[in-house]
Amino acid sequence: MTATTGPLAGVRVLDMTRLAPGPYASMLLADLGADVIAIGGGRSGLPVPALARGKEFISLDLKTEDGRQALRTLVSEADVFMEGFRPGVADRLGAGYAELSALNPGLVYCSVTGYGQDGPMAHRAGHDINYLAIGGALGTFGPSDQPPVPPLNLVADFAGGGLLSAFGILGALYDRTRTGKGRYIDSAMVDGVLSMMGMNFVDWQTPTLPGRGRGVLVGSMPFYRCYRCSDGRYVAVGALEVAFFERLWTTLDLGAVPNHFDESTWDLIEKSLTAEFEKKTMVEWTAVFADVDACVTPVLEPHELSTFDQIVARDPGFALDSVPVVPVFCGGPKRRVTDTRVKTEEVLRRAGLPEDVAGRAAADGVPPSVTGLSWPPL
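What counts as what
- Residue numbers run consecutively from 1 along every chain, following the written order of its sequence.
- The model is predicted, so local features are restricted to residues of pLDDT at least 70 and side-chain atom pairs to those at 80 or more, both for listing and for counting; the totals for chains, interfaces and linings are taken over all residues.
- For the side-chain quantities, the full set of heavy atoms in the structure was used; hydrogens and water were omitted.
- Only runs of H or I of at least four residues qualify as helices and only runs of E of at least two qualify as strands under DSSP, and these elements are numbered from the N terminus.
- Any residue under 20% of the maximum accessible area for its type is buried, any over 50% is exposed, and the rest in between are partly exposed; the area is computed with a 1.4 Å probe on protein chains only.
- For the area figures, the Shrake-Rupley method with a 1.4 Å probe applies, and any residue is considered shielded solely by the protein chains shown.
- Here, any two strands with at least 2 DSSP bridges between them count as paired.
- Structural elements are reduced to axes, namely lines fitted to C-alpha atoms, with helices fitted over the stretch in contact, and the angle between N-to-C directions of any two is expressed from 0 to 180 degrees.
- What the arc describes is the spread of directions from the helix axis to the C-beta atoms.
- The span one expects for a helix is its residue count, reduced by one, times 1.5 Å.
- Here the bend at a residue means the angle between the axes of two seven-residue stretches, the one that ends at it and the one that starts at it.
- Each aromatic pair joins two rings of Phe, Tyr and Trp (for Trp, the six-membered one) with centres within 6.5 Å, and gets the label stacked for planes under 30 degrees apart, edge-to-face for over 60, and tilted for any other angle.
- Residue contacts follow a heavy-atom distance rule, with two residues in contact if any of their heavy atoms lie within 4.5 Å.

1. Some thoughts on the overall build of the chain
Across its full length, the chain carries 15 helices and nine strands. Each principal axis of the C-alpha atoms in the chain carries an extent, and together these give about 80 × 45 × 40 Å. Scored against the burial criterion, the 378 residues of the chain give a buried share of 46%. For the chain, the exposed surface amounts to about 18100 Å²; the carbon and sulfur share of it is 57%.

Laid out in structure tokens, this is it:
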């Protein structure tokens, strides 16, 4: 792998996860400079190229001794190991925490699952919508008179699973600098959802968040919601504070500024804003509020992002075919190299395995179900 820069330069990560959460976490580590080897080639149906940046891909047959020897060789020099199987599967593959940490006591081992390693649902399959439901988030999303609406798979998969897994790994790596010992990280997406919902749990069934579709931040207040424009597009209004609401109202030239925290004024505010925003297109309103600090922004669709000035200013190379590199604060070049070719023998020879063993350990071209690395729903 090409030498990298960044705060994690020199950190070696082995990623045996599938689907979105684990590969997203390891990509974030790669963006920070880590060398990431994705084991298994990622042939589980996931569009891996979206999360493949900065990684090398290999495929091992862990049902053979050569495959397990190859894994042990890689682990002996690794800093991080990630897996996303149901509890117990990694142990059966010879890739469990007990076995690998005995080989490498400094190893940070992260298991990324939906429900965690214990509890009555630990072995059950699930997806983002299920973790949102169990974690108390889905019941707060959407209008009160309609079924709950999941926000794509952003909250449980990418945030509760991917981001928090990467966060836990970074914490464990830092702790290792003081103790010299690795750690086991039981990263569950449900736990991540519970953590992110903490502030909202406190507000649940209070005037701030009395129920689904009702409350300060869910759109029931007329100064914190989206409004339709003349072209059928929308603007997002987040004028919560007095100063922002006053600027919103005066910019629209709607007369005397009402007390927007007085619920008796909400009907007037809603009707006034609805009627006014329908007079111009979204682009026109974007121009009107471009220099007005009133928390009014266009509701952009993905295909529009590469020409929006704020996005382009932060990331001139932004494109929908490449996941943006978020940690720009780390400095150094942005890693955008994506190469999903499976290079098992090359990587194993570089790790010091004899050529004949490297050849036998490789499972290139073998269906995942044969390698024992088949897709187990989280």
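On we go from here.
2. A closer look at the sheet that holds strand S4 (residues 80-83)
The strand order S3-S2-S1-S4-S5-S6 describes an open sheet built from six strands, whose pairing is parallel. Of all the strands in the sheet, just strand S3 (55-58) and strand S6 (184-188) have a single pairing partner and so form its edges. Direction aside, the axes of adjacent strands within the sheet are offset by 20° on average. Looking at chain direction, strand S1 (residues 12-16) and strand S2 (residues 35-39) are connected through four bridges and run parallel. Along S2, the bridge assignment pairs Asp15 with Ala38.

3. What to know about helix H9 (residues 242-251)
When we look at burial in H9, the residues that qualify are Phe245, Leu248 and Trp249. Projected onto a plane normal to the axis of H9, the buried residues spread over an arc of 95° and lie on a single side. Among the residues trailing H9, Asp253 stands out with phi positive, at a value near 55°.

4. Brief notes about helix H6 (residues 154-179)
Given 3.6 residues to a turn, an α-helix orients residues that are three or four positions apart in the same direction. With 26 residues, H6 extends 35 Å from end C-alpha to end C-alpha; this agrees with the ideal 38 Å at 1.5 Å per step. Remark: the principal bend of H6, roughly 25°, maps to Leu164.

5. Observations regarding the packing of aromatic side chains
Aromatic rings in a pair are described by how distant their centres are and how their planes are angled relative to each other. In this structure the tally under the stated criterion is 14 aromatic pairs. Judged by centre distance (5.1 Å) and plane angle (70°), the rings of Phe277 and Trp285 are edge-to-face. The same class applies to Phe277 as to Trp285, namely buried. A ring pair is formed by Trp285 and Phe289, whose centres lie 6.2 Å apart and whose planes are at 40°; its orientation type is tilted. Under the relative-accessibility criterion, Trp285 is labelled buried at 3%.

6. Topic: the sheet that holds strand S8 (residues 234-238)
Through backbone hydrogen bonds, the strands of a sheet pair up, either in parallel or in antiparallel fashion. Taken together, three strands build an open sheet; the order of strands is S7-S8-S9 and the sheet is antiparallel. The open sheet has two edge strands with one neighbour each: strand S7 (224-228) and strand S9 (296-298). Between one strand axis and the next, the sheet turns through 25° on average, direction left out of account. Of the pairings in the sheet, the one linking S7 to S8 comprises five bridges and is antiparallel in character. For Arg225, the partnering residue across the bridge sits in S8 and is Val237. Along the sheet, helix H10 (residues 266-277) contacts S7 and S8; its crossing angle with S7, the most-contacted strand, is approximately 40°.

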